[in-house]
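# Structural characterization, general
Listed below are the residues making up each chain.
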Amino acid sequence: DTEVTQTPKHLVMGMTNKKSLKCEQHMGHRAMYWYKQKAKKPPELMFVYSYEKLSINESVPSRFSPECPNSSLLNLHLHALQPEDSALYLCASSQPPDSPEGGYTFGSGTRLTVV
Amino acid sequence: QKEVEQDPGPLSVPEGAIVSLNCTYSNSAFQYFMWYRQYSRKGPELLMYTYSSGNKEDGRFTAQVDKSSKYISLFIRDSQPSDSATYLCAMSRYGNKLVFGAGTILRVKS
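The following refers to the structure shown. (Residues numbered from 1 in each chain as written. Chains lettered and ligands numbered in written order. Predicted model: local features only at pLDDT ≥ 70, side-chain atom pairs only at ≥ 80, totals over all residues. Heavy atoms only, no water.)

Next up on the list: the pattern of salt bridges. Here the idea is simple: oppositely charged side chains can pair when their charged atoms come close. Residues and elements named next belong to chain A. According to the stated counting rule, one finds seven salt bridges over all chains in the structure shown. Of the charged contacts, one joins Glu52 and Arg30 as a salt bridge, the two residues approaching to 2.6 Å between their closest N and O atoms. One end of the pair, Glu52, is in the loop between β5 (44-50) and β6 (53-57); the other, Arg30, is in the loop between β3 (18-25) and β4 (31-37), with 22 residues separating them in the sequence. The class of Glu52 is partly exposed, set by a relative accessible area of 31%. (Salt bridge = Lys/Arg side-chain N within 4 Å of Asp/Glu carboxyl O. Helix = DSSP H or I, 4+ residues; strand = E, 2+ residues; numbered from the N terminus. Buried < 20%, exposed > 50% of the residue type's maximum accessible area, 1.4 Å probe, protein only.)

Okay, structure coming up:
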């Protein structure tokens, strides 16, 4: 089992719905990430939180709204999504980049379908 | 030119073969190098993490980084059908985002 837990595993939502994706890690990592992955493509970075502060937003549309309530939790709020937003949404966490025990740990993802 | 180049495959090998997966990159500032394994419809699983140049071994897996050639490799010994997956190389520099290769699809035939 992965040490980054994402819920729900699957989500189907209409274009007018509001939903949230949740991510939790208890490894003491201080950086957390949201990625989007389309079929047969590598993950694409959406947001980075470092020490609970948003440090990178890769020009993601405002219909995606991240939130980091504390060092262990990361949410992604979804509103008025489009069918092309259907994808696997991955959460990841990491130590500070210069740690010898580095590497990003990914969750299993939420498979989102927008209808 | 992409920052990280990786042959998407698919690479098909018989069970027990030695598998070699490779990536090249153009940004000499990259310092952290990773290999991930991803099964269909699952999240990427970290296999190997290397800081700067050198080799690292973990069981059947060996990662090599050659910064002078801007080339990284992952070797899988005694490959098994359960190794069939997509393998993603990834790299970053201090304080910066992870850059992924396109991923190589590996199929190990029993």
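Turning our eyes to something else, we now look at the packing of aromatic side chains. Applying the stated criterion across every chain, the model contains 12 aromatic pairs over all chains. An aromatic cluster is defined as three or more aromatic residues linked by ring pairs; in this entry it consists of Tyr33, Tyr35, Tyr104 and Phe106 of chain A together with Tyr36 and Phe100 of chain B. (Phe/Tyr/Trp six-rings, centres within 6.5 Å; stacked < 30°, edge-to-face > 60°.)

Moving on: the state of the cysteines. Inspection of every chain in the model, using the stated rule, returns two disulfides over all chains. Two residues, Cys23 of chain A and Cys91 of chain A, share a disulfide whose sulfurs are 1.9 Å apart. Disulfide Cys23 of chain A-Cys91 of chain A: torsion about the S-S bond near -70°, hence left-handed. Here Cys23 of chain A, found in strand β3, pairs with Cys91 of chain A, found in strand β9 (residues 87-94); they are 68 residues apart in sequence, far enough to count as distant. Its relative accessible area of 2% is what places Cys23 of chain A among the buried residues. Cys91 of chain A sits in the buried class, given a relative accessible area of 0%. Each sulfur of the disulfide joining Cys23 of chain B and Cys89 of chain B lies 2.0 Å from the other. Here the disulfide of Cys23 of chain B and Cys89 of chain B is left-handed, its torsion about the S-S bond being about -105°. Here Cys89 of chain B lies in strand β9 (residues 85-92) and Cys23 of chain B lies in strand β3 (residues 19-25), a separation of 66 residues in the sequence. Across this residue pair, the class does not change: Cys23 of chain B and Cys89 of chain B are buried. (Disulfide = S-S within 2.5 Å.)

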